[in-house]
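Analysis of the macromolecular model
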Amino acid sequence: MENIDPFLRHGLFDAKVPRYTSYPPANHFQNDVGHRHQAEWLSCVNNGEAISIYVHIPFCKRLCWFCACRTQGTQTMRPVDAYVQTLIKEVSAVRAALPSKITMGRLHLGGGTPTILSPETMNTLLNALFDAFDPSDDFEFSVEIDPTEASEPLLQTLIDFGMNRASIGVQDFAPDVQAAIGRLQSLEQTTTVLDFLRAAGLKAINLDLLYGLPFQTEESFRQTLAHVVDMNPDRLAIYGYAHVPWMSKRQVLIKAETLPDTQQRFELANIARDTMLAAGFAAIGIDHFAKPTDSLYKADQAGTLRRNFQGYTDDQSETLIGFGASAISRFRGGYQQNAVATSAYQERILGEGFAAHKGYEMSDTDTLLSAMIEELMCRFHLPTKSLQTQFPEHAQLIRQTVIALMSRYTDVFSINSTGLQMHPETYPLVRIVAHYIDAFNSSEVAHAAAI
Ligand SMILES: C[S@@+](CC[C@H](N)C(=O)[O-])C[C@H]1O[C@@H](n2cnc3c(N)ncnc32)[C@H](O)[C@@H]1O
Ligand code: SF4
């Protein structure tokens, strides 16, 4: 076992810190900010820019007990079809507010379960999106696929519209773990979907796994990982299970005493890492793995890896527009989040055409902090020299941050010619370090430095 003293010292096993898929995290968004800015931010997107589009489908036929995603159960297609009609109205309102020559660099369908749509409804939705936005030359179209809810005609519809990346939910293959998280999914169901997609020519496949699930043991997880290696994906996300029953009520069905403790979680994460490295994958950031042929690996090598609401990405677009209930848009000026409840979202779209209810307007200091945290999360590096060039008015705040980090995390950072670099064995601490920078910004010393 590796030396865990630095992790104990810096509170790794007790910390409850954000995943920093954005700075500030979405729970800091403020009421009505996004609403006030939405039309202005849309009109200010650079004409000719290739934007990224996210479409949220908040429906599932079954509700897995572990799941913390914004979704709701349905057994009939009526609410889903009505929701898609609302989405189409939103696409049309947003398109009208954008400059004329915008193209679509990325389209991601997430959820919930996008593959719950009937082929006809999916066809209607995709026609509306492609009518509104021409795809750019290097267009990527990715979809989250639940293998237990993905008919071949639906998958074929996605392929026909140019889907070129599939993100398939697995979580764990052990039957007792699956039973304890309310998600039964056989190996065959997963391989059938994989075989279909590959036969149809799809070359980029992601799988999602979780560690820290109930009854997961080192042995059972090794078995799951062996199946995953056999499936030969291009990319993997292996997240730590977040047990937050106060936020995600369905998780009360998972008994806390069946979960591995934090030390065991750490061992499971190490097993995942060792297995994937041995299988020829590279570790990307804190929770992704990619083959050298995958675009995430190439972005990591080129130093252009980014972080957004889906986690790590090679997407370089500055503008991300989210459609649907709870979807978040990112503009140069800030964030805007749609109404979270499906009914509230629908009411707003039918009433006002837009559905933003929350948001965050970025100050210059926020933009600097966002850049620092993204650099750390993606490259475990604080490029102080380039940050000082980019934010000359904040040179003092950057210096103060460096001093604070170097005195608190003497065993984590070293100084190199471009800034501060974390030692590889301390990478698991990166969210704690990011949180320290976040909290440091609200301290008196940072405010004194910012003036
Ligand atoms: C929208 S969900 C899955 C998409 C699709 N509905 C499916 O079931 O395959 C996207 C991913 O979020 C991750 N996720 C969901 N709940 C989580 C939790 N409580 N902790 C960590 N990751 C979670 C899972 O890995 C999941 O595959
Ligand atoms: S894991 Fe997927 S299918 Fe299960 S509840 Fe979450 S979004 Fe729905």
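Here the structure is a predicted model, which is why all the values come from computation and not from measurement.

Of note, serine 142 is situated in strand β6 (residues 134–145). Residue serine 142 is classed as buried on the basis of its relative accessible area, which comes to 7%. A distance of 2.7 Å separates a polar atom in the side chain of serine 142 from a polar atom in the side chain of histidine 108. Beyond its immediate chain neighbours, meaning those up to four positions away, serine 142 contacts Leu107, His108, Leu109 and Arg165.

Next up on the list: the site of ligand 1. Surrounding ligand 1, one finds 20 residues, the nearest of these being Gly111, Gly112, Gln171, Arg183 and Asp208. Within the contact set of ligand 1, a nitrogen atom lies 2.9 Å away from a backbone nitrogen or oxygen of glycine 112. Note that an oxygen atom of ligand 1 is positioned 2.7 Å from one of the side-chain N or O atoms of glutamine 171. If ligand 1 stood free it would expose 570 Å²; the protein chains cover 88% of that surface. Counting residues per element, the ones that place at least two in the shell around ligand 1 are β6, β7 (165–171), β8 (205–211) and β9 (235–240). By residue class, the composition of the shell around ligand 1 is 9 nonpolar, 7 polar and 4 charged.

Between tyrosine 23 and the following residue, proline 24, the backbone shows a cis peptide bond with an omega angle of -5 degrees. Secondary-structure assignment places proline 24 in the loop between α1 (5–9) and β1 (30–31). Here the residue pair glycine 111 and glycine 112 is connected by a cis peptide bond, since its omega of 15 degrees sits within 30 degrees of zero. Looking at where glycine 112 falls in the secondary structure, it is placed in the loop between β5 (103–111) and α4 (119–132). You will see that glutamine 171, though not glycine, has its phi angle at about 75 degrees, which is positive. One can find glutamine 171 in strand β7.

With that settled, the discussion passes to the site of ligand 2. Near ligand 2 you find Cys60, Arg62, Leu63, Cys64, Phe66, Cys67, Gly112, Thr113, Asp146 and Arg183, and these make up its full shell. Of the residues belonging to the shell around ligand 2, the class tally is 5 nonpolar, 2 polar and 3 charged.

Another aspect to go through is the domain arrangement of the chain. The domains assigned to the chain are domain 1 (1–16 + 364–451) and domain 2 (17–329). Approximately 2,000 Å² of surface area, both sides summed, lies buried where domain 1 meets domain 2, with 61% of it carried by carbon and sulfur atoms. By the criterion of area lost to domain 2, the three top residues of domain 1 are Phe13, Met377 and Arg431, representing 28% of everything that side buries. The tally of links from domain 1 across to domain 2 stands at 9 residue pairs in polar contact (both at pLDDT 80 or more). Secondary structure elements with two or more residues in the side of domain 1 that touches domain 2: α12 (364–379) and α15 (430–441). The biggest single contributor to the side of domain 1 that touches domain 2 is α12, with 8 residues. Its residues assigned to classes, the side of domain 1 that touches domain 2 comprises 16 nonpolar, 3 polar and 7 charged.

What counts, and where the lines are drawn
- Residues numbered from 1 in each chain as written.
- Chains lettered and ligands numbered in written order.
- Predicted model: local features only at pLDDT ≥ 70, side-chain atom pairs only at ≥ 80, totals over all residues.
- Heavy atoms only, no water.
- Helix = DSSP H or I, 4+ residues; strand = E, 2+ residues; numbered from the N terminus.
- Buried < 20%, exposed > 50% of the residue type's maximum accessible area, 1.4 Å probe, protein only.
- Polar contact = N/O pair within 3.5 Å; in protein donor to acceptor, adjacent residues only side chain to side chain.
- Contact = heavy atoms within 4.5 Å.
- Near = heavy atom within 4 Å.
- Areas by Shrake-Rupley, 256 points an atom, 1.4 Å probe, with all protein chains shown as cover.
- Nonpolar A, V, L, I, M, F, W, Y, C, P; charged D, E, K, R; others polar.
- Domains from an automatic or database assignment.
- Buried area = accessible area lost by both parts, 1.4 Å probe.

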